[in-house]
Amino acid sequence: MPQSNAFTSGSTALRDTPEADQGSTLSNAAAVRNTRQKEAIRAAILAAGRPLSPEEILQAAQRGVRTLSLATVYRNIASLQRDGWLQAVTLPGMPARYEVAGKAHHHHFHCNECGKVYEMEGCGFEFHAKLPQGFTATAHELFLSGRCAACH
Ligand SMILES: [Zn+2]
Ligand SMILES: [Zn+2]
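If you're wondering where the values come from, they're calculated on a predicted model, not measured in any experiment.

1. Thoughts on the overall build of the protein chain
Thinking step 1. Looking only at helices and strands, one finds three helices and five strands in the protein chain.
Thinking step 2. In sequence order, the protein chain lays out its α and β elements as α-α-α-β-β-β-β-β.
Thinking step 3. For the protein chain, the residues scored as buried account for 16% of the 152 residues in total.
Thinking step 4. Considering only contacts in the protein chain between residues 6 or more positions apart, those separated by 24 or more positions represent 50%.

Laid out in structure tokens, this is it:
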């Protein structure tokens, strides 16, 4: 689990003032464009309801802002992570996906056919691993893979 979890929730409302505040360094037009790009990217991630790769974010957000480029998506991913709004989902051996930060504990499902990653609400897994005496487990990571409903 990324460390960003601890301090992400609750503070996003303060961060909504976009780059437009840096009026001295950005022209108004550029600031408006940046804001629209960021909003389109946030909307795409929220609408998806599952972790998205940068390419998937680009595809979805381009419906709002046609001129969006992959470089812009990467720049906004970094910025939204700094804001604490977005966090990376890393599954072993796969490029990172991104989801809204600060969600309750949950797991992910990777479809081997279409490559999409889905969110599975909650946990529900019972672990019967026998810990060595004196050990305490405080976290676990687990993801499922298989075929999603659309690929069946
Ligand atoms: Zn699938
Ligand atoms: Zn769990």
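2. Some remarks on the confidence of the model for the protein chain
Thinking step 1. When pLDDT is averaged along the protein chain, the result is 85, and 83% of the positions lie at 70 or above.
Thinking step 2. Residue range residues 1-20 is modelled with pLDDT below 50. Its contacts to residues more than four positions away, or to other chains, number 28 contacts.

3. Concerning the environment of Glu141
Thinking step 1. By secondary structure assignment, the location of Glu141 is in the loop between strand 4 (117-120) and strand 5 (143-146).
Thinking step 2. Under the C-beta neighbour-count criterion, Glu141 is labelled exposed, with 10 such atoms within 10 Å.
Thinking step 3. For the pair Glu141 and His107, spaced 34 residues apart in the sequence, the C-alpha separation amounts to 7.9 Å.

4. Things to note about the sheet that holds strand 5
Thinking step 1. Ordered by their spatial adjacency, three strands build an open sheet running 4-3-5, and the pairing between neighbours is mixed. Looking at strand neighbours, the two that pair on one side only are strand 4 and strand 5, the edges of this open sheet. Here the strands of the sheet are splayed against their neighbours by 25 degrees on average, with no regard to which way each runs.
Thinking step 2. Pairing analysis gives four bridges linking strand 3 (residues 107-111) to strand 5, with the strands arranged parallel. When the sheet's bridge partners are listed, Cys111 is paired in strand 5 with Gly146.

About the criteria used
- Residues numbered from 1 in each chain as written.
- Chains lettered and ligands numbered in written order.
- Predicted model: local features only at pLDDT ≥ 70, side-chain atom pairs only at ≥ 80, totals over all residues.
- Helix = DSSP H or I, 4+ residues; strand = E, 2+ residues; numbered from the N terminus.
- Buried ≥ 20, exposed ≤ 12 C-beta atoms within 10 Å, placed from the backbone.
- Contact = placed C-beta atoms within 7 Å.
- pLDDT = per-residue confidence, 0-100.
- Pairing = 2+ DSSP bridges.
- Axes fitted to C-alpha atoms, helices over the stretch in contact; angles between N-to-C directions.

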